[in-house]
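The lines below spell out each chain.
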Amino acid sequence: MAKHPAVGRVKTRLAAAIGPEAAAALARAFVEDLAARLRPLPYEVTWAYWPPDAPFAALLPGVRCRPQRGADLGERMAAAIAEQLAAAPGPVLVIGADAPHVPAAALAEATRALCTETDLVLGPAADGGYYLIGLRAPAPVLFTDVAWGTATVLAETQARAARAGLRTVLLAPCFDVDEPDDIERLRGLVARGEVALPATAAVLVRIERVHRA
């Protein structure tokens, strides 16, 4: 799932620190790098984008894209999962473009779990949310009336899953890139060669040069 990287409409928390143009450039780089990383993996990939009238498909020619539908993030995730499960056999993994560094091993582990006895897979994020959610069947209860963007999202989702009797597996923690500190964490991953994000690395260099000037 991704927002169209329009200046002033994406990565607003980062934009407060690095400027709206740099934040939009970073968001666009995330999309490009994540698409490149997913391309060789053995998954059918669909990009669900927001807003629905954005020219998002032009960013990824030849890639399956579908507009998100719903009044809030929960409705949009629930709808995207339901649409994908209706289009093809599950399971479905949902990740966001704000984690272009998501480990391929995490995707593989989630897929293996959902192909056995697991109903739900969650990838805990450092901010209290999750960077990945995987399901074998629609579960609207996990997405309704959730305080998205808060530190309680993961715990609330786990509690709802337990009440619904969903067998759940947690992946290793990771992080989304939402705050200035997250940029430094991402910069460290790239510098150590732990993940290849060429478009993102180029934007990070430009941001660093501007802030040093």
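Thresholds, definitions, all that
Residues numbered from 1 in each chain as written. Predicted model: local features only at pLDDT ≥ 70, side-chain atom pairs only at ≥ 80, totals over all residues. Heavy atoms only, no water. 1 Å grid on protein atoms, 1.4 Å probe; cavity = no way out; pocket = protein on both sides within 12 Å on 5 of 7 lines; lining within 4 Å. Points joined across faces, edges and corners; volume = space filled by probe spheres on them. Helix = DSSP H or I, 4+ residues; strand = E, 2+ residues; numbered from the N terminus. Nonpolar A, V, L, I, M, F, W, Y, C, P; charged D, E, K, R; others polar.

1. Brief notes about empty space enclosed by the protein
Thought 1: The final tally for this structure, using the stated rule, is one cavity of 30 Å³ or more.
Thought 2: Here the largest cavity is characterised by a volume of approximately 40 Å³.
Thought 3: Looking at the largest cavity, the residues that line it are A48, R66, P67, Q68, R69, R76, A79, A80 and E83.
Thought 4: Secondary-structure elements contributing two or more residues to the lining of the largest cavity are strand 3 (65-67) and helix 3 (73-87).
Thought 5: Sorting elements by how many residues they give to the lining of the largest cavity places helix 3 first, with four residues.
Thought 6: Residues of the lining of the largest cavity, tallied by class, amount to four nonpolar, one polar and four charged.

2. Overview of the layout of surface pockets
Thought 1: Empty space within the largest pocket amounts to approximately 960 Å³.
Thought 2: Lining the largest pocket are 34 residues, and of these K3, K11, L73, D98 and D178 lie nearest its centre.
Thought 3: Where the lining of the largest pocket is concerned, the elements lending two or more residues are strand 1 (2-3), helix 1 (12-18), helix 2 (20-38), helix 3, strand 4 (92-95) and strand 6 (130-135).
Thought 4: A per-class count over the lining of the largest pocket returns 19 nonpolar, six polar and nine charged.
Thought 5: Its boundaries defined by the atoms lining it, the second largest pocket holds a volume of some 650 Å³.
Thought 6: Lining the second largest pocket we find 26 residues, and of these E44, V45, T46, V92 and L93 sit closest to its centre.
Thought 7: Looking at the lining of the second largest pocket, the elements with two or more residues in it are helix 2, strand 2 (47-50), helix 3, strand 4 and helix 4 (104-114).
Thought 8: Sort the elements by how many residues they give to the lining of the second largest pocket and strand 4 lands first, with four residues.
Thought 9: Grouping the constituent residues of the lining of the second largest pocket by class yields 19 nonpolar, five polar and two charged.

Honestly, it's all geometry; don't read function into it.
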